[in-house]
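# Examination of the molecular architecture
What follows is each chain in one-letter form.
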Amino acid sequence: MTIAQCKDGRTALLSKGTIEIQVLVGAISTANITISYRDFYIGGRRRYFIALSFGKFQEFIKASIAVGDEEARGWYNDHQQELTTPERRCVRHLFIATLERESDEAKQILEVHLESIKAGKASIESLASSVSEDEGSKNTGGNLGWMLKDRLPGDFAAHAFTMPVSEPRLIRTKLGWHIIEVTEIKAPELLPYEMMKLEIITSLSDLGRKQAIDQYRHQLRLLNHEKVEIYRQLLD
């Protein structure tokens, strides 16, 4: 026999004559919480007040994090610039460092190879393993992969992101000399909304959950300030 399902149980509690119990029983019934009269009477009311408070908390959070299609699409439209993937370039190079070698010597070596490349007698790919001193790319044909401008050293990016495709050039950076070639360019790209919808809704929901918890915590402190003590020394 349960309070939420039995009129007799409710009447028995109301006969205690306290408004507090009457309100609590009504709330328990509304929340469809099933407990026995014996458990309620013997176990005390505190834990059921806690259960109801937690239920209200869950409802508050659920309402705060609900994100619909209209809100997600609006966020997408307002943040298209940030969501757009910048231009990317696929680059390969030959590199000779000048930390322990004269700059002119390194330049002369690569000038000879650049002439061979332009004449069609060699390629960066074919020369990389024997010429390049870049250990990260020499065994993969000098390939540096797809690159973003803001992820590169400025002196390298200034050349790599202004060159046309398939026109190798000799350039100087603070690390040494390079023959670099852009093999492919991908223009800035904005993925369609439908491809980003789920990620946007998830991100907005996570943000809403954090804000809702902070707001709920603030409300509890305001309403129960005489019962809440904050140990700020533990927060510092």
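These remarks concern the structure in this document. Just so you know, these numbers come straight off a predicted model, no measurement behind them. (Residues numbered from 1 in each chain as written. Predicted model: local features only at pLDDT ≥ 70, side-chain atom pairs only at ≥ 80, totals over all residues. Heavy atoms only, no water.)

This part takes up the packing of helix α7 (residues 103-118) against helix α8 (residues 124-131). Remark: α7 packs on α8, axes separated minimally by 11 Å, with the N-to-C direction vectors making an angle of 155°. Judged by the angle between their axes, α7 and α8 are roughly antiparallel. The handedness of the crossing between α7 and α8 comes out as right-handed. Judged by residue contacts, Leu-110, His-113 and Ile-117 of α7 engage Ile-124, Leu-127 and Val-131 from α8. (Axes fitted to C-alpha atoms, helices over the stretch in contact; angles between N-to-C directions. Helix = DSSP H or I, 4+ residues; strand = E, 2+ residues; numbered from the N terminus. Parallel < 35°, antiparallel > 145°, perpendicular 65-115°, else oblique. Left-handed = near helix turned anticlockwise from the far one by under 90°. Contact = heavy atoms within 4.5 Å.)

With that out of the way, let us pick up the pairing of strand β1 (residues 88-97). Across the 10 residues of β1, 9 count as buried, placing the element largely inside the fold. Inspection of the sheet shows β1 paired to strand β2 (residues 143-148) by 5 bridges, in the antiparallel sense. Within β2, the position partnered with Cys-90 by the bridge is Trp-146. (Buried < 20%, exposed > 50% of the residue type's maximum accessible area, 1.4 Å probe, protein only. Pairing = 2+ DSSP bridges.)

Right, let's get into the pattern of salt bridges. Under the counting rule described, the total for this entry stands at 9 salt bridges. In this structure, Lys-197 and Asp-69 form a salt bridge, with 3.3 Å as the shortest nitrogen-oxygen distance. Of this pair, Lys-197 sits in helix α10 (residues 193-223) while Asp-69 sits in helix α5 (residues 69-78), placing them 128 residues apart in sequence. With a relative accessible area of 26%, Lys-197 lands in the partly exposed category. A residue is classified by how much of its surface remains accessible, and Asp-69, at 33% relative accessible area, is partly exposed. Glu-125 serves as the salt-bridge partner of Arg-92, at 3.2 Å between the closest nitrogen and oxygen. Taken together, the residues Arg-92 in strand β1 and Glu-125 in helix α8 connect sequence positions 33 residues apart. Under the relative-accessibility criterion, Arg-92 is labelled buried at 19%. For Glu-125, a relative accessible area of 48% puts it in the partly exposed group. What emerges from the salt-bridge pattern is a single network uniting Asp-69, Arg-73, Glu-194 and Lys-197. (Salt bridge = Lys/Arg side-chain N within 4 Å of Asp/Glu carboxyl O.)

In this fold, Met-163 is placed in the loop between α9 (154-160) and β3 (169-172). Overall, the relative accessible area of 2% leaves Met-163 in the buried class. As a C-alpha pair, Met-163 and Val-182 span 19 residues in sequence and 7.0 Å in three-dimensional space. With residues up to four places along the chain from it excluded, the contact list for Met-163 reads Arg-89, Arg-169, Ile-180, Glu-181, Val-182 and Ile-185.

Counting residues in each nonpolar core, the largest one holds 12 residues, listed as Leu-94, Ile-96, Ala-106, Leu-110, Leu-114, Ile-117, Ile-124, Leu-127, Ala-128, Val-131, Trp-177 and Ile-179. Listing elements by their share of this core, those giving two or more residues are β1, α7, α8 and β4 (176-186). Ignoring sequence-local partners within four residues, the contact set of Leu-127 consists of Leu-94, His-113, Ile-117, Ala-122 and Ser-132. Judged by nonpolar contacts, the second largest core, of 11 residues, contains Met-147, Met-163, Ile-171 and Ile-180. (Core = buried A, V, L, I, M, F, W, Y, C linked by side-chain atoms within 4.5 Å.)

Bringing the sheet that holds β3 into the picture now. Spatial ordering of the open sheet is given by β2-β1-β4-β3, a layout of 4 strands whose pairing is antiparallel. Each edge of the sheet is formed by a strand with only one pairing partner; in this case those strands are β2 and β3. Taking each pair of neighbouring strands and ignoring which way they run, the sheet shows an average axis angle of 40°. As paired strands, β1 and β4 are joined by 10 bridges and run antiparallel to one another. Looking across to β4, one finds that Ala-97 is bridged to Gly-176. Docked against the sheet, α7 engages β1, β3 and β4, running at close to 40° with respect to β4. Across the sheet, α8 is in contact with β1 and β4; its angle to β1 comes to roughly 40°.

Enumeration over the complete set of coordinates arrives at 1 aromatic pair. Centre to centre, the rings of Tyr-76 and Tyr-193 are 5.5 Å apart; their planes meet at 65°, and the pair counts as edge-to-face. You can see Tyr-76 sitting in helix α5 and its partner Tyr-193 sitting in helix α10, a full 117 residues away along the chain. Accessibility assignment for this pair places Tyr-76 and Tyr-193 in one class, buried. If you follow Lys-186 out to its NZ or CZ, it ends over the ring of Trp-146, 4.5 Å from the centre. (Phe/Tyr/Trp six-rings, centres within 6.5 Å; stacked < 30°, edge-to-face > 60°. Lys NZ or Arg CZ within 6 Å of the ring centre and 35° of its normal.)

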